[in-house]
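# Working through the structure, step by step
What follows is each chain in one-letter form.
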Amino acid sequence: MDIFPNITLLPKVEAKTLIMHGDKDEVVPFEHGKALYKAAKNPYPPLWASGFGHQNLEFCTLYLPKLQEFLRDLFGKDYGKM
């Protein structure tokens, strides 16, 4: 039994969805991230972090810029600027 049935639930989500996944994830297989992206009703361009796993994705140099890009797309170009 899958205690996190994201693949079943995600198609019901109407909001833009950002998937960020490391291709060296040792906990959640990379293929699961790709399947979630395909299942999303309103997918945002994903971050496939080459060489990163489950416990170090935030150290990918593209992680924060991608997250900021996504949030600015949702909330406007000035989101997070001071």
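Heads up: the structure comes first, above all this text.
The sections below set out a description of the structure shown in this document. Remember, predicted model here, so these are calculated numbers, not experimental data. Each chain has its residues counted from 1, following the order in which its sequence is written. Only residues with pLDDT of at least 70 get local features here, since the model is predicted, and only at 80 or more are side-chain atom pairs given and counted; chain-wide, interface and lining totals rely on the full set of residues. Derived side-chain values reflect all non-hydrogen atoms in the structure, with water molecules and hydrogen atoms excluded from consideration.

## Observations concerning the environment of lysine 41
Selection rule: Runs of H or I in DSSP of at least four residues are treated as helices and runs of E of at least two as strands, each being numbered from the N terminus. Should any heavy atoms of two residues lie within 4.5 Å, those residues are counted as being in contact. Distance and chemistry together define a polar contact, namely a pair of N or O atoms within 3.5 Å, with one atom able to donate a hydrogen and the other to accept it when in protein, and with adjacent residues in sequence counting only for side-chain atoms on both sides.
Note that lysine 41 resides in the loop between helix H2 (30-39) and strand S2 (47-49). With near-sequence residues (within four places) excluded, lysine 41 lies in contact with Pro11, Val13 and Glu14. For lysine 41, the side chain forms a polar contact with the side chain of glutamate 14, separated by 3.0 Å.

## What to know about the nonpolar core
Across soluble globular proteins, you tend to see nonpolar side chains buried next to one another. To be explicit about the condition: Think of a nonpolar core as a cluster: buried Ala, Val, Leu, Ile, Met, Phe, Trp, Tyr and Cys residues, connected wherever their side-chain atoms sit within 4.5 Å. Each residue gets one of three labels from its accessible area relative to the maximum for its type: buried under 20%, exposed over 50%, partly exposed in between, using a 1.4 Å probe on protein chains only.
Among the nonpolar cores identified, the biggest contains 5 residues, and these are Leu47, Ala49, Phe52, Leu57 and Cys60. Residues within four places of phenylalanine 52 in sequence aside, it is in contact with Gly22, Asp23, Lys24, Asp25, Leu57, Phe59 and Cys60.

## Observations concerning the environment of tyrosine 44
Along the chain, the position of tyrosine 44 falls in the loop between H2 and S2. Those residues in contact with tyrosine 44, other than ones at most four positions away along the chain, are Lys16, Thr17, Leu18, Tyr37, Lys66, Glu69, Phe70 and Asp73. Within the structure, tyrosine 44 has its side chain in polar contact with the side chain of glutamate 69 (distance 2.9 Å).

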